[in-house]
Amino acid sequence: MKRVHFLIIFFLFFVFRNAYPAILIRIQCFFKTAGIVAFFSLFGLTAESQESPNPNIGAELFRHQYITRDLPGSADSGYGCPTMADFDRDGDLDYSFAGVGTLYWFENTGTDEWERHEIGPLPMTTLGANILDVNQDGWTDIVIGGYWFCNSSAEDSDKFTMYRYDDRIGTEIHDLVITDMNGDQKDDVLVLGQNIGMFWYDVPDSASRDLNWDRVVVTIDVLKNNDHIHGGFFPRGVGDLDDDGDNDIVLPDRWLENNLSGHVWIKHQLPFGKRGPYGLSSRSWIIDLDKDGDKDIVMTDCDQTASRIAWLENHGGKVPEFTAHFLPMTATGIRGSFHSLFVGDLDLDGDDDILTCDQEDDSLAPEGAAPRWYVWENISAGKELRFTERVIVDNKLGGHDVLVGDADGDGDPDLFSKVWNLWPGSINEGVEHGDFFENTIRD
């Protein structure tokens, strides 16, 4: 009798699997828990082959508001140096970025209001920035190419002091991350500039004045007159790819193996990267995406049009090789510059999603559509990773080097963004702006 019941249920699956995909998805969730999804996949009955009628991620996931919408600027000016931290130590996340010669921070006064403060003038145009308590006084400082801004503990919220840590840098630094390069369990500063090279700095135990920090050359292959690599390892393209206990570095078409505590580097090829008007350029994120115990890489093209996005599967071994799995693009149009990347659980369903957006920039605009924001929702079932593209923002608004954090303290990840330079067709009528996207998953 039990066998007859099973055959009847099986027959009903075949009859109704296309008419009632929502029912099938719920039933498969039960059988997934029971560990027998593979049986149903033999007959094309798995929900991963069906598009969920009620995805967790869609156009309503994030609610947009302006942090600022009246900044000065022109088509020739660029806004860079984004960082996110609790600069005033009041328990919430603030935001900072720079443009037209000035570094700003925006005080979070409730996520629906942001108070603008000027940190100070920038000595040069630069893009890369990150946060670090450089002088170890408990207050978060800002590090850019060649300089750092000391956050004072004084009550004056605008009081930052600029110091120089490398007087040899006088040109743009595109990528800057804070990480341990020599294995001493302390944060170092890793930078890349196509006109200067790629270096890491051993941060002094106590810094409170202009002082050249100890600098170690990683490579000068990135130079314009060599391989011309504009950017590659921001925001999280530094990690242990070969499982030997130290941090390696991702660049657009290669990864650099760390040897001798960050003093010797060996180049290995990667199956990703293409040239644009600024040379090779990408955004990267190291993460064990397929949960098999080794570190994979998620990468986007940037600083070019027709950008692609892929995850690079690590096959393990002493010197791992990688296979590129390009993510599907189903929305109409040709993408612009994917100058942002985040990998993490955006919808709080327990798996890692992937976010990027078109750069709002008239010189690198998408074709056939205005700049948009995309999430590749993780719809995996079983061992095979599967993603589907969702357009989450489509209102003539792009972004640049998006940062993700819980700004309103409700337990879900929110988004901070800004423009690079103005696009006359933007929803803000071409005026420079900064943006906050509140995650509504907990609403």
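Residues numbered from 1 in each chain as written. Predicted model: local features only at pLDDT ≥ 70, side-chain atom pairs only at ≥ 80, totals over all residues. Heavy atoms only, no water.

A. Layout of the sheet that holds strand 4 (residues 102-108). With antiparallel pairing, four strands are arranged side by side in an open sheet as 2-3-4-5. Since the sheet does not close on itself, it has two edges, and those belong to strand 2 (79-85) and strand 5 (114-121), each with one partner. For this sheet, the mean angle separating the axes of adjacent strands, direction not counted, is 20°. Judged from the five bridges that link them, strand 3 (residues 94-99) and strand 4 form a sheet pairing that is antiparallel. Note that in strand 4 the partner of Ala 98 across the bridge is Leu 103. (Pairing = 2+ DSSP bridges. Helix = DSSP H or I, 4+ residues; strand = E, 2+ residues; numbered from the N terminus. Axes fitted to C-alpha atoms, helices over the stretch in contact; angles between N-to-C directions.)

B. A look at the confidence of the model for the protein. Confidence in the prediction of the protein, expressed as mean pLDDT, is 88, and 86% of residues score 70 or more. For residues 1-53, every residue scores under 50 in pLDDT, and the model assigns this stretch 46 contacts once sequence neighbours within four places are set aside. (pLDDT = per-residue confidence, 0-100. Contact = heavy atoms within 4.5 Å.)

C. Summary view of the pattern of salt bridges. One pass over the structure, following the stated rule, counts 14 salt bridges. Here Arg 254 makes a salt bridge to Asp 227, at a shortest N to O gap of 2.7 Å. One end of the pair, Arg 254, is in strand 18 (residues 254-259); the other, Asp 227, is in the loop between strand 13 (214-219) and strand 14 (229-231), with 27 residues separating them in the sequence. Arg 254 gets classed as buried once you look at its relative accessible area, which sits at 4%. Classification of Asp 227 as partly exposed rests on a relative accessible area of 22%. For Asp 401, the salt bridge identified is with Arg 283, shortest N-O distance 3.2 Å. Of the two residues, Asp 401 is situated in the loop between strand 28 (387-393) and strand 29 (403-405) and Arg 283 in strand 21 (residues 279-287); the sequence distance between them amounts to 118 residues. On the basis of relative accessibility, which here comes to 3%, the residue Asp 401 falls in the buried class. Note on Arg 283: relative accessible area 0%, which makes it buried. (Salt bridge = Lys/Arg side-chain N within 4 Å of Asp/Glu carboxyl O. Buried < 20%, exposed > 50% of the residue type's maximum accessible area, 1.4 Å probe, protein only.)

D. Structural view of the side chain of Asp 352. Locating Asp 352 in the fold gives a position in the loop between strand 25 (342-344) and strand 26 (353-357). The class for Asp 352 is buried, based on a relative accessible area of 12%.

E. Geometry of the side chain of Asp 435. Within the secondary structure, Asp 435 is located in strand 31 (residues 432-439). Despite its burial, Asp 435 pairs with no opposite charge, the nearest such side chain being Arg 69 at 8.0 Å. Reaching out from Asp 435, the side chain makes a polar contact with the side chain of His 64 at a distance of 2.7 Å. In this structure the side chain of Asp 435 is engaged in a polar contact, spanning 2.7 Å, whose partner is the side chain of His 433. Not counting chain neighbours up to four residues away, the residues in contact with Asp 435 comprise His 64, Gln 65, Tyr 66, Ile 67, Leu 397, Leu 415, Phe 416, Ser 417 and Lys 418. (Lys, Arg positive; Asp, Glu negative; His and termini not counted. Polar contact = N/O pair within 3.5 Å; in protein donor to acceptor, adjacent residues only side chain to side chain.)

F. Quick look at the environment of Ile 266. As for its placement among the helices and strands, Ile 266 is situated in strand 19 (residues 264-269). Classification of Ile 266 by relative accessible area gives partly exposed; the value is 36%. In the structure, Ile 266 is positioned 12 residues away from Arg 254 in sequence and 10.0 Å away in space, judged by C-alpha atoms. Contacts of Ile 266, omitting those with residues within four sequence positions, involve Trp 255, Leu 256, Glu 257 and Asn 259.

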